[in-house]
Amino acid sequence: MDAIGIVNYLVGFAIMAAIYAVFALGLNVHWGFTGLFNIGIAGFFALGAYTSALMTTKPPDPALFEDFVFGGNWSETHFLDLGIDLWFFLGLAAAAAVCGIIALIIGYVTLRLRDDYLAIATLGIAETVRLFFLNEKWAANGSKGLYRIPAFLEGWVSPEHYDYLYLVVVLVVLSALFLAVERAVKSPWGRVLRAIREDEVAAEASGKNVFRFKLQAFIFGAVIMGVGGALFAHNIRFLSPLTFDPLLATFVIWAMLMVGGSGNNRGAILGAFVVWGIWTGTQFLPGIFSDPNFRFFMIGVLIVAVILLRPGGILGEERRITRAADS
């Protein structure tokens, strides 16, 4: 592989690792700061990706879409014709909004119950979303999936240089989300989330509306995951229900947070790059070592090693200890 090929590979690696870092940030809001056990990341992943893709492309089967939605009055145009820039950002916003609304519905029903009910609900919603897009061909072409999803500034940048541009876009979005989460968790609102995570009963006894804070955190994390799904869709430019397999779209993201450090946003991002590096790096190994199942085995070994050597993750949560001043 020549130098240009190595650089192109590293750019592609950085794009995917940064996109997964967005999901890790969202999960960190749920689990790392609030203690919400969400094992349905794949559902928000899929909703964000499909929402942005469907907002920026015409239906895969206009006849079916016409009959189902418009009663026979559909034109062969894109959903959005807002120019070369606006559709992409509107797609990101729509993905975030849809995930936030779904999180509001799920959270309102389940967050008053024990944590295991939330886990069951999120897992069930994730599978429901995947099966919906698998079976409802009018919405997203069923098992054939969506293809030719528009790229950012498509037609303005040559294909060989597109990844460089998109890496900048993804890093800018990741940085903005990182700063937003950092500011949120270091505010009084974030301190309440930590209090709920440590002792929900004590937080409620101190006068905090635990349900409201948990619902806000659940929506915030889901919105971040929706943005990650949209970034993924416009990078891969092809979606199918198989893309959102729970192992790749939930387990790997949990592994990233555990390895990097739950409760630490820098750790979440670091874990995404480390785990994705293992996932992609094993493809260059010979024989059985390049098999996807071996990749999951390696990630499992990494998780066990981190738990044994650094239970809080590579970075771990930054805990602040304050002492009252002597009177």
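Scoring rules and cut-offs
Residues numbered from 1 in each chain as written. Predicted model: local features only at pLDDT ≥ 70, side-chain atom pairs only at ≥ 80, totals over all residues. Heavy atoms only, no water. pLDDT = per-residue confidence, 0-100. Contact = heavy atoms within 4.5 Å. Axes fitted to C-alpha atoms, helices over the stretch in contact; angles between N-to-C directions. Helix = DSSP H or I, 4+ residues; strand = E, 2+ residues; numbered from the N terminus. Parallel < 35°, antiparallel > 145°, perpendicular 65-115°, else oblique. Nonpolar A, V, L, I, M, F, W, Y, C, P; charged D, E, K, R; others polar. Salt bridge = Lys/Arg side-chain N within 4 Å of Asp/Glu carboxyl O. Buried < 20%, exposed > 50% of the residue type's maximum accessible area, 1.4 Å probe, protein only. Core = buried A, V, L, I, M, F, W, Y, C linked by side-chain atoms within 4.5 Å.

J.: Hey, could you run me through the confidence of the model for the chain in this one?
T.: Interpretation of the predicted coordinates at a detailed level should be avoided for regions scoring low in pLDDT. Per-residue confidence for the chain gives a mean pLDDT of 86, with 88% of residues at or over 70. Within the model, pLDDT remains below 50 along residues 65-84, and this stretch shows 33 contacts once partners closer than five positions in the same chain are excluded. Note on residues 323-327: pLDDT under 50 across the span, and zero contacts to partners over four residues away in sequence or across chains.

J.: Is there a simple way to explain the packing of helix α8 (residues 188-198) against helix α10 (residues 210-236) in this structure?
T.: A pair of packed helices is characterised by two quantities: the angle between their axes and the separation of those axes. Following both chains from N to C, one finds α8 and α10 inclined at 110 degrees, their axes separated by 10 Å at the closest point. Taken together, α8 and α10 sit at an angle that is classed as roughly perpendicular. On α10, the residues that touch W189, V192, L193 and I196 of α8 are V210, F213, K214, Q216, A217 and F220. When its residues are assigned to classes, the contact of α8 with α10 shows eight nonpolar, one polar and one charged.

J.: It is not clear to me how the pattern of salt bridges should be interpreted in this structure. Could you clarify?
T.: Close approach of charged atoms lets side chains of opposite charge pair. Under the definition given, this model contains seven salt bridges. In this structure, E182 and K186 form a salt bridge, with 3.1 Å as the shortest nitrogen-oxygen distance. Exposure remark for E182: the relative accessible area of 12% places this residue in the buried category. R194 serves as the salt-bridge partner of E317, at 3.3 Å between the closest nitrogen and oxygen. Of the two residues, E317 is situated in the segment after α13 (292-309) and R194 in helix α8; the sequence distance between them amounts to 123 residues. E317 gets classed as buried once you look at its relative accessible area, which sits at 19%. The partly exposed category is assigned to R194, whose relative accessible area is 21%.

J.: Quick question: what am I supposed to make of the nonpolar core here?
T.: Most often, soluble globular proteins have nonpolar side chains that are buried together. Counting residues in each nonpolar core, the largest one holds 97 residues, and the members touching the most others are Y166, L231 and L239. With 16 residues, helix α1 (residues 3-32) is the largest single contributor of residues to this core. Every residue in contact with L239, bar those within four places of it in the chain, is listed here: A49, Y50, A53, G145, L146, I149, F232, A233 and F244.

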